Amino acid sequence: MKYETQKIAFWYFAVAMLLFALQMVFGVLSAYVYVAPNFLSETIPFNILRMVHTNALIVWLLLAFFGAAYFLVPEETEREIESPLLAYIQLAILVVGALGAVIGYFFGIHEGREFLEQPLWVKLGIVVAALIFLYNVSMTALKGRKTAVTTVLLLGLWGIAIFFLFALYNPVNLSVDKLYWWYVVHVWVEGVWELVMAAILAFLMLKLTGVDREVVDKWLYVIVALALASGLLGTGHHYYWIGAPGYWQWLGSVFSTLEILPFFAIVLFTFSMVWKGGRDHPNKAALLWSLGTAVMSFFGAGVWGFMHTLAPINYYSHGTQVTAAHGHLAFFGAYVSLNLAIITYAMPFLKRRAPYNQVLNMISFWLLNAGMAFMTFTLTFAGVVQTHLQRVQGQGYMDVQGELGVFYWMRLGAGVVVAIGALLFIYATFVPRRLELITPAGSLRQAAE
Amino acid sequence: MWETFTKAQARNIFYGGSLFFLLIFLALTAHSHWYMVSRSTDAAGLTDSVARGKRVWEKHACIDCHTILGEGAYFAPELGNVWIRYGGPEDPETARELLKAWMQSQPSGIEGRRQMPQFNLSDQELDDLVDFLAWVSRTNTQGWPPNKAG
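The following refers to the structure shown. (Residues numbered from 1 in each chain as written. Chains lettered and ligands numbered in written order. Predicted model: local features only at pLDDT ≥ 70, side-chain atom pairs only at ≥ 80, totals over all residues. Heavy atoms only, no water.)

1. Brief notes about the overall build of chain B
Point 1. Tallying secondary structure elements over chain B gives 5 helices and 2 strands in all.
Point 2. Mapped from its N terminus to its C terminus, chain B presents α and β elements in the order α-α-β-β-α-α-α.
Point 3. Its C-alpha radius of gyration of 22 Å places chain B more than 25% over the 15 Å reference for a compact globule of 150 residues.
Point 4. Its C-alpha atoms give chain B principal-axis dimensions of roughly 70 × 40 × 30 Å.
Point 5. Buried positions account for 50% of the 150 residues belonging to chain B.
Point 6. At a minimum sequence separation of 6, the contacts of chain B that also span at least 24 residues come to 53%.
Point 7. Put simply, chain B shows about 7,100 Å² of open surface, and 60% of that area lies on carbon and sulfur atoms.
Point 8. Taking the average place of the 14 positive charges on the side chains of chain B and the average place of its 17 negative ones, the gap between the two points comes to 7 Å. (Helix = DSSP H or I, 4+ residues; strand = E, 2+ residues; numbered from the N terminus. Rg over C-alpha atoms; globule rule 2.2 N^0.38 Å. Buried < 20%, exposed > 50% of the residue type's maximum accessible area, 1.4 Å probe, protein only. Contact = heavy atoms within 4.5 Å. Areas by Shrake-Rupley, 256 points an atom, 1.4 Å probe, with all protein chains shown as cover. Lys, Arg positive; Asp, Glu negative; His and termini not counted. Charge placed at Lys NZ, Arg CZ, Asp CG, Glu CD.)

Have a look at this one:
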């Protein structure tokens, strides 16, 4: 850790991991309700379980983005964060908002648009926290060294804040509501979040592989150019059946198919950087997570997204378990893995230690990835069967769900493995331990940045 | 080619391209907004009761179990066309009574079947919610869903 204020990141990562654990608990509970529907039905109904599961995910991903920014901006700009106090105030606002939202959910205090269930005071708190963050980090960046990594990262984070403002607009016309709801949901995860992702991955590649900055920067701009060129009009794949004009079926199909390109470019980028780079960095686990992000986001967001994005296919698969399969692997592959990569990389510096518990961390990597892959397969099969029985043959929804029990049992099993992997990851990164389970061949003793 | 393609060119393509596609996206959004309020939805039928019904829908987070026009959770049936499934266009009175009775009789308590909570809606709220669901079913959704099952 070269700059004192990078320490701020530790607290963001710590809170993020607590919410990650909460997300896992509620994910497993929801998966259990799928196979034992009477469980908790009178105390915490499914809609509340799901709300906590998805909201905890979104907030911890954002907290980890903020933490990553506080970690890498000082190194990139070569100066301390403008105001550490503001950074901690921002964290306090977000913690109060997250706790308030979750506790409120159990008492039925929530709004009613998917993923935007936070009460108005929490939404306004998020806006205030985002403004504090943008001021703090933008001032640091303006006064310091300008790099492509900070520029793209900040553009992404500004985009997150600007597009979140649409969460405050809720027209009574459901179609118009949906039109702008996607301005938050799609433009975040298939737009500006990709800028944040690409910037953090570029930073990791700079550090882990030692490849020249000019090369990394060029890749970074190519990736984000592909992301926005495809992703903005790609929003059209959500506009097929909500009352929007028919031309979206063409535009959405074409541009959302192109959305696979930035993810493929990320695969090429990360693997060629590792191939080119001469550095033998001691933090192998961070490298594994970085490459894992590239591969799993390509499959989760890219391949599984393309699978049901063409309008004539989506006509049958829209809103089935196929969507659930894609949603799970895309969030995991792109954003969960990315944040676990930067946390794995940053924690040894934040704790002023050599990389530690790497073998445990790598075991958690395989548990999480194997569990998520299996979960995705089971949901995909469930979705294909559902699409055929319900959308092609016209059987009733509940009758069809009755046929899918075996898939939901397997999904529950996969979910338990994922939860164990998550807890193991948190243990491996936050609890110090001196001895590695397997002694590496010398590379751990080398110094590297 | 990759060698002669410079970082500055990549950066310019990123800024220029993003701005270009953002402007197209905003223009098409404006057109879609106009299309929705004037063509594809029943603007004249968007009464106070439909608006109140949407608030009931949101207050109880129905979307975190159900889907509406295919969006939401996938735990409970699609409701964008529930009015049609209940025969609303042919016999609105009966469809309304059936839907209200359904919501009032929840949870079923049947072992092994997904449970819908009892939301204790007033008669007014039930009517508003049904009005909202009936209004949504009149949206021109380009022919989706493929059949009544939703």
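2. A closer look at the overall build of chain A
Point 1. Each helix and strand counted, chain A has 15 helices and 0 strands in total.
Point 2. For chain A, whose C-alpha radius of gyration is 21 Å, the value lies close to the compact-globule estimate of 22 Å for 449 residues.
Point 3. Along the longest, intermediate and shortest principal axes, the C-alpha atoms of chain A span 65 × 45 × 45 Å.
Point 4. Across the 449 residues that make up chain A, the buried fraction comes to 65%.
Point 5. Counting contacts in chain A only where the partners sit at least 6 residues apart, residues at least 24 apart contribute 84% of the total.
Point 6. Surface exposure of chain A reaches about 15,600 Å², of which carbon and sulfur atoms provide 73%.
Point 7. On chain A, the mean spot of the 24 positive side-chain charges and the mean spot of the 22 negative ones are 8 Å from each other.

3. Describing empty space enclosed by the protein
Rolling a probe over the atoms, with the probe sized like a water molecule, indicates the empty space that remains.
Point 1. Summed over the entire model, instances satisfying the criterion amount to 5 cavities of 30 Å³ or more.
Point 2. Each pocket or cavity is described by its volume, and for the second largest cavity that value is around 110 Å³.
Point 3. If you go around the second largest cavity, you meet 13 residues; those closest to its centre are A:Arg113, A:Leu174, A:Asp177, A:Lys178 and B:Ile63.
Point 4. Those elements that provide at least two residues to the lining of the second largest cavity are helix H6 (174-209) of chain A together with helix H2 (48-59) of chain B.
Point 5. Residue contributions to the lining of the second largest cavity peak at 4 residues, all from H6(A). (1 Å grid on protein atoms, 1.4 Å probe; cavity = no way out; pocket = protein on both sides within 12 Å on 5 of 7 lines; lining within 4 Å. Points joined across faces, edges and corners; volume = space filled by probe spheres on them.)

4. Brief notes about the layout of surface pockets
Point 1. Space inside the largest pocket adds up to approximately 720 Å³.
Point 2. Only helix H14 (397-402) of chain A together with H2, helix H3 (82-85), helix H4 (92-104) and helix H5 (123-137) of chain B provide two or more residues apiece to the lining of the largest pocket.
Point 3. Of all the elements, H4(B) adds the most residues to the lining of the largest pocket, at 4 residues.
Point 4. The residue makeup of the lining of the largest pocket, split by class, is 24 nonpolar, 10 polar and 3 charged. (Nonpolar A, V, L, I, M, F, W, Y, C, P; charged D, E, K, R; others polar.)

5. Describing helix H12 (residues 321-350) of chain A
All names here are of chain A.
Point 1. With 30 residues, H12 should cover 44 Å at 1.5 Å per step; its first-to-last C-alpha distance of 41 Å lies within 8% of that length.
Point 2. At phenylalanine 332, H12 is deflected by roughly 35 degrees, the largest bend along its length.
Point 3. A large share of H12 lies buried, amounting to 25 of its 30 residues.
Point 4. One or two positions beyond H12, positive phi appears at arginine 352, with a value near 50 degrees. (Expected span 1.5 Å × (residues − 1). Bend = angle between axes of the 7 residues up to and from the residue.)

6. So, the interface of chain A and chain B
Point 1. Taken residue by residue, the interface counts 83 residues in chain A and 72 residues in chain B.
Point 2. Surface buried jointly by chain A and chain B totals about 6,600 Å² across both partners, of which 64% is contributed by carbon and sulfur atoms.
Point 3. Applying the counting rule to chain A against chain B returns 5 salt bridges.
Point 4. When the shortest N-O distance is used, the salt bridge between A:Lys178 and B:Glu71 registers 2.8 Å.
Point 5. For the pair chain A and chain B, the interface holds 38 residue pairs in polar contact (both at pLDDT 80 or more). (Buried area = accessible area lost by both parts, 1.4 Å probe. Salt bridge = Lys/Arg side-chain N within 4 Å of Asp/Glu carboxyl O. Polar contact = N/O pair within 3.5 Å; in protein donor to acceptor, adjacent residues only side chain to side chain.)

7. Quick look at a nonpolar patch on the surface
All names here are of chain A.
Point 1. Residues Leu99, Ile103, Phe106, Phe107 and Ile109 make up a contiguous nonpolar surface patch of about 540 Å² in total accessible area.
Point 2. If you trace the backbone, isoleucine 109 turns up in the loop between helix H3 (84-106) and helix H4 (120-143).
Point 3. Exposure remark for isoleucine 109: the relative accessible area of 48% places this residue in the partly exposed category. (Patch = residues over 30% accessible without salt bridge, like charges linked within 9 Å, V, L, I, M, F, W, Y side chains within 5 Å.)

8. Overview of the side chain of A:Asp177
Point 1. If you trace the backbone, A:Asp177 turns up in helix H6.
Point 2. Classification of A:Asp177 by relative accessible area gives buried; the value is 5%.
Point 3. Every residue in contact with A:Asp177, bar those within four places of it in the chain, is listed here: A:Arg113, A:Asn170, A:Pro171, B:Lys54 and B:Glu58.

9. Examining the environment of B:Glu3
All names here are of chain B.
Point 1. One can find glutamate 3 in the segment before helix H1 (7-40).
Point 2. For glutamate 3, a relative accessible area of 69% gives the class exposed.
Point 3. Taking C-alpha positions, glutamate 3 is 45 Å from glutamate 71, a pair spaced 68 residues apart along the chain.

10. A look at unusual backbone geometry
Residue and element names in this part refer to chain B.
Point 1. With an omega of -5 degrees, the peptide bond running from glutamine 106 to proline 107 counts as cis.
Point 2. Note on placement: proline 107 falls in the loop between H4 and H5.
Point 3. Tryptophan 144 connects to proline 145 through a cis peptide bond whose omega is -5 degrees.
Point 4. The residue proline 145 is located in the segment after H5 in this model.

11. Points about the environment of A:Val52
All names here are of chain A.
Point 1. In this fold, valine 52 is placed in helix H2 (residues 46-77).
Point 2. In this structure, the C-alpha to C-alpha distance between valine 52 and glutamate 117, residues 65 residues apart in sequence, is 9.6 Å.
Point 3. Beyond its immediate chain neighbours, meaning those up to four positions away, valine 52 contacts Leu22, Phe26, Val102, Tyr105 and Phe106.

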